[in-house]
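# Notes for the structure review
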Amino acid sequence: MSFPYKGMYRLVNVSKTYGKGNSAVNVLKSVSLSFPRVGLVSILGKSGSGKSTLLNIITGIDSPTNGKIYFLDKDLNRFKSKDKKIYQNQIIGVLFQHFNLFNDLTCLENVMLPSLVNGVNKLESKKRAIELFNQYHLEKLIHQKYETLSGGEKQRVALLRALINKPQVIIADEPTGALDSQNSILIMNELKSLSKDHLVIVVTHNESLIKQYEDYRIYIENGKVSK
Ligand code: ADP
Ligand code: MG
């Protein structure tokens, strides 16, 4: 008899060591954690505590030195490269502190890009992108060059890009780190609303802001995690 796991992710004794011998740094030490299917999970900890390392393991950009990470009960590090691409392009959507969109492209082109990469045709990609701009009341930015936007606008367009392929999981590394408090609240409100039917994982050091939004908190200290 099997007992299917009901959560989104499960980490079992995950360790991450950078370097070798005397210069080895144990960033994560036998971390075991689970993540629900929906809700907003915050990850807090001092600078250098391993928050981005943990996110990189979840996004599959990096793999654990020891231990396992399961996505819906499947070992993420045993995904075939085709499945890994699907996972990274369609299942997860990622937001960064410094946005990481193309300055020379328009907002529409930036938002369409992950859809085109997935092989969706131009017409369909454009239609879906425009729907998102309308839904988030950002129509006026559609044809604007990305580099001409304010920080707050940049992050809101970055969120549309993260959503274009309808991900189940939204992963954000310091999404409000470069924003003023008003724009931070706007982005957090949008992430909170998405967390009703998505898993949203937010790394932040802004505890006073995140505590108004988080459903669960993960705290990293000395390579260990408390929830
Ligand atoms: P945080 O996001 O919490 O600030 P990071 O996960 O970025 O922390 O980094 C945790 C520790 O791991 C830091 O000491 C950092 O210098 C080290 N580190 C991160 N990535 C690498 C790498 N690719 N090679 C070596 N050390 C790294
Ligand atoms: Mg970091």
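As shown above, the structure is provided for reference.
Attention in this report is confined to the structure presented alongside it. All figures in this text were calculated on a predicted structure; none of them were measured in a lab. (Residues numbered from 1 in each chain as written. Chains lettered and ligands numbered in written order. Predicted model: local features only at pLDDT ≥ 70, side-chain atom pairs only at ≥ 80, totals over all residues. Heavy atoms only, no water.)

## Examining the sheet that holds strand β1 (residues 9–18)
- Strand order in the open sheet formed by four strands is β2-β1-β4-β5, with antiparallel pairing between adjacent strands. Strand pairing shows two members of the sheet lacking a second neighbour, β2 (25–35) and β5 (74–75), which therefore form its edges. (Pairing = 2+ DSSP bridges. Helix = DSSP H or I, 4+ residues; strand = E, 2+ residues; numbered from the N terminus.)

## Details of the pattern of salt bridges
- According to the stated counting rule, one finds nine salt bridges in the structure shown.
- The partner of Glu190 in a salt bridge is Arg156, with the nearest N and O atoms 3.4 Å apart. Of this pair, Glu190 sits in helix α6 (residues 181–194) while Arg156 sits in helix α5 (residues 151–163), placing them 34 residues apart in sequence.
- Here Glu190 falls in the buried class, since its relative accessible area comes to 13%.
- Given the relative accessible area of 17%, Arg156 is considered buried. (Salt bridge = Lys/Arg side-chain N within 4 Å of Asp/Glu carboxyl O. Buried < 20%, exposed > 50% of the residue type's maximum accessible area, 1.4 Å probe, protein only.)

## A word on the environment of Lys126
- Along the polypeptide, Lys126 turns up in helix α4 (residues 122–135).
- When its relative accessible area of 39% is taken as the criterion, Lys126 is described as partly exposed.
- Sequence separation of Lys126 and Val41 is 85 residues, and the distance between their C-alpha atoms is 31 Å.
- Lys126 has contacts with Leu108 and Met112, leaving out every residue within four places of it along the chain. (Contact = heavy atoms within 4.5 Å.)

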